[in-house]
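# Analysis of the macromolecular model
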Amino acid sequence: MRILSRAFRIGAAVTVAVGVSVGLAVSAQAGDSPAGFNFGTDSSYVSVPGPAPYRNPVMGGNYGGYVGMVGNWARVEGCTTGNFLDFSYSNRDQANTNYNTYHIGIGTAAYWYMGGPGVDPNWNGSTAEAANWGAQQASRMLTAVKSLGITYPVLWADIEKPGIAPAPDNGWTSVYTSPCSGQVKQNHVPWIVDRAEFNGFAAYITAHSTFKVGVYSSPAIWPSIFGTGSASLIPNTYEWTYSPETSNLNAYPYAWRLSQGKSTLYAQFFGGQTYSSPFALMWQWSGGGGVRNGLGDFDQIDVARMR
């Protein structure tokens with residue numbers, strides 16, 4: 001995720017995103033330690049060494065899971081830009097084999113690339129309409145996951161500001177003349193309206209499925225959309241962060257810690273949560289957009305917190 005500076009795929013169906021296939025040797029060190037943690041990948045295809053049980057490239061250890069994009073607001077609205085999906089059937093199958101056959105990791109999880117209230121084709125500024133727009137996206141996500149072999153019980157709402165057309169902020173902080181126009185008619189979306197959309201999304205998932213609700217975002221982006229008051233707080237919502245990140249795959253995290261020379265970086269969550277929260281589940285620590293590593297997106301997953 002973090003679409004800024006990524007190469008996107010534009011097509012007519014969910015396709016395997018073609019990534020860099022590099023024959024790197026698997027490290028002898030078990031990269032999936034300590035107990036309860038695994039490494040996995042998300043979005044574009046990453047070359048994962050086999051045969052089964054599959055292993056992580058570079059860092060070693062068991063391949064612990066895959067997270068794929070199952071929908072995109074701009075695709076739903078028929079936009080000619082930003083209309084992409086990022087789902088690898090190959091990585092899904094590898095992750096599911098490890099999960100189902102060898103009882104490793106989480107299998108496959110799903111995320112929905114959300115459009116904010118400002119790209120709602122029925123925008124009227126009300127919290128009721130924002131909630132309805134969130135519910136519509138949740139409904140489409142539930143339809144999509146039925147046929148994609150999703151095994152993980154948390155569905156992720158991708159809430160970010162990607163910096164790409166047609167809406168660089170995905171409609172979270174600006175209102176557009178139409179979803180695909182790229183023309184701003186209002187340079188502000190109230191925090192309470194943004195939160196109403198997320199609440200509508202979460203409520204629909206909860207009412208119409210057994211899935212739990214999670215959010216992919218960062219401590220820099222989250223307050224720029226929801227502020228720092230009550231609208232920003234999500235104490236009982238599962239989280240997946242992308243802060244901080246590194247391009248060095250050999251300096252991978254241990255638990256929620258990443259050593260960089262003499263410095264130690266910790267995964268940073270948002271909405272009032274920290275890595276010690278039982279709702280902190282994943283950390284995209286490399287490859288998520290601006291911090292490229294030549295292979296793809298890598299995640300640390302606290303498998304033990306979500307069995």
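Up top is the structure.
Residues numbered from 1 in each chain as written. Predicted model: local features only at pLDDT ≥ 70, side-chain atom pairs only at ≥ 80, totals over all residues. Heavy atoms only, no water.

For the peptide bond that leads from Ala-52 to Pro-53, omega is 0°, which places it in the cis range. Note on placement: Pro-53 falls in the loop between β1 (37–42) and β2 (63–72). The peptide bond linking Ala-165 to Pro-166 adopts the cis configuration, its omega dihedral lying at 5°. At Ser-43, a residue that is not glycine, the phi angle is positive and equals roughly 65°. Mapped onto the secondary structure, Ser-43 falls in the loop between β1 and β2. By relative accessible area, which is 0% here, Ser-43 ends up buried. For His-103, which is not a glycine, the phi torsion comes out positive at approximately 60°. As for its position among the elements, His-103 is in the loop between α2 (89–102) and β3 (108–113). The exposed category is assigned to His-103, whose relative accessible area is 65%. (Helix = DSSP H or I, 4+ residues; strand = E, 2+ residues; numbered from the N terminus. Buried < 20%, exposed > 50% of the residue type's maximum accessible area, 1.4 Å probe, protein only.)

On to α2, then. Taking 1.5 Å of rise per residue, the 14 residues of α2 would be expected to cover 20 Å, and the 19 Å separating its terminal C-alpha atoms lies within 8% of that figure. Those residues of α2 not exposed but buried are Asn-91, Arg-92, Gln-94, Ala-95, Asn-96 and Asn-98. Along its buried surface, α2 packs onto β1, β2 and β3. Count one or two residues on from α2 and you reach His-103, which has phi positive near 60°. (Expected span 1.5 Å × (residues − 1). Contact = heavy atoms within 4.5 Å.)

This next bit is on the environment of Leu-265. Of note, Leu-265 is situated in strand β10 (residues 263–266). According to the relative accessible area criterion, Leu-265 is partly exposed, its value standing at 29%. Sequence-wise, Leu-265 and Glu-245 are 20 residues apart; in three dimensions their C-alpha atoms are separated by 9.1 Å. Excluding its chain neighbours within four sequence positions, the residues that come into contact with Leu-265 are Pro-244, Trp-256, Arg-257, Leu-258, Gln-260 and Trp-283.

Moving on, we come to the pairing of strand β9 (residues 257–260). Bridge count between β9 and β10: four bridges; the pairing is antiparallel. Bridge pairing in β10 links Leu-258 to Leu-265. The antiparallel pairing of β9 with β10 creates a hairpin that spans two residues between the two strands, and Gly-261 there sits at a positive phi of about 65°. (Pairing = 2+ DSSP bridges.)

Moving on, we get to helix α4 (residues 191–208). Under the 1.5 Å per step criterion, the end-to-end length of α4 is 26 Å for 18 residues, consistent within 8% with the ideal 26 Å. What α4 keeps buried is the set Val-193, Asp-194, Arg-195, Ala-196, Glu-197, Phe-198, Gly-200, Phe-201, Ala-202 and Ile-205.

Here we come to the packing of aromatic side chains. Overall, the coordinates contain 19 aromatic pairs when judged by the stated rule. With centroids separated by 5.9 Å and ring planes inclined at 50°, the aromatic side chains of Trp-172 and Phe-226 adopt a geometry described as tilted. Remark: Phe-226 occurs in helix α5 (residues 221–226) and Trp-172 occurs in the loop between β4 (154–158) and β5 (175–176); sequence separation between them is 54 residues. Phe-226 shares its class with Trp-172; the two are buried. Here Trp-256 and Trp-283 contribute two aromatic rings whose centre-to-centre distance is 6.5 Å and whose plane-to-plane angle is 40°, an arrangement assigned as tilted. Linking Trp-256 in the loop between β8 (238–241) and β9 with Trp-283 in strand β11 (residues 280–286), this pair joins segments that are 27 residues apart in sequence. Summarising the burial analysis for this pair, Trp-256 and Trp-283 share the class buried. Three or more aromatic residues joined by ring pairs form one cluster here, namely Tyr-111, Trp-156, Tyr-216, Trp-240 and Tyr-242. (Phe/Tyr/Trp six-rings, centres within 6.5 Å; stacked < 30°, edge-to-face > 60°.)

These values are about where atoms sit, not about what they do.
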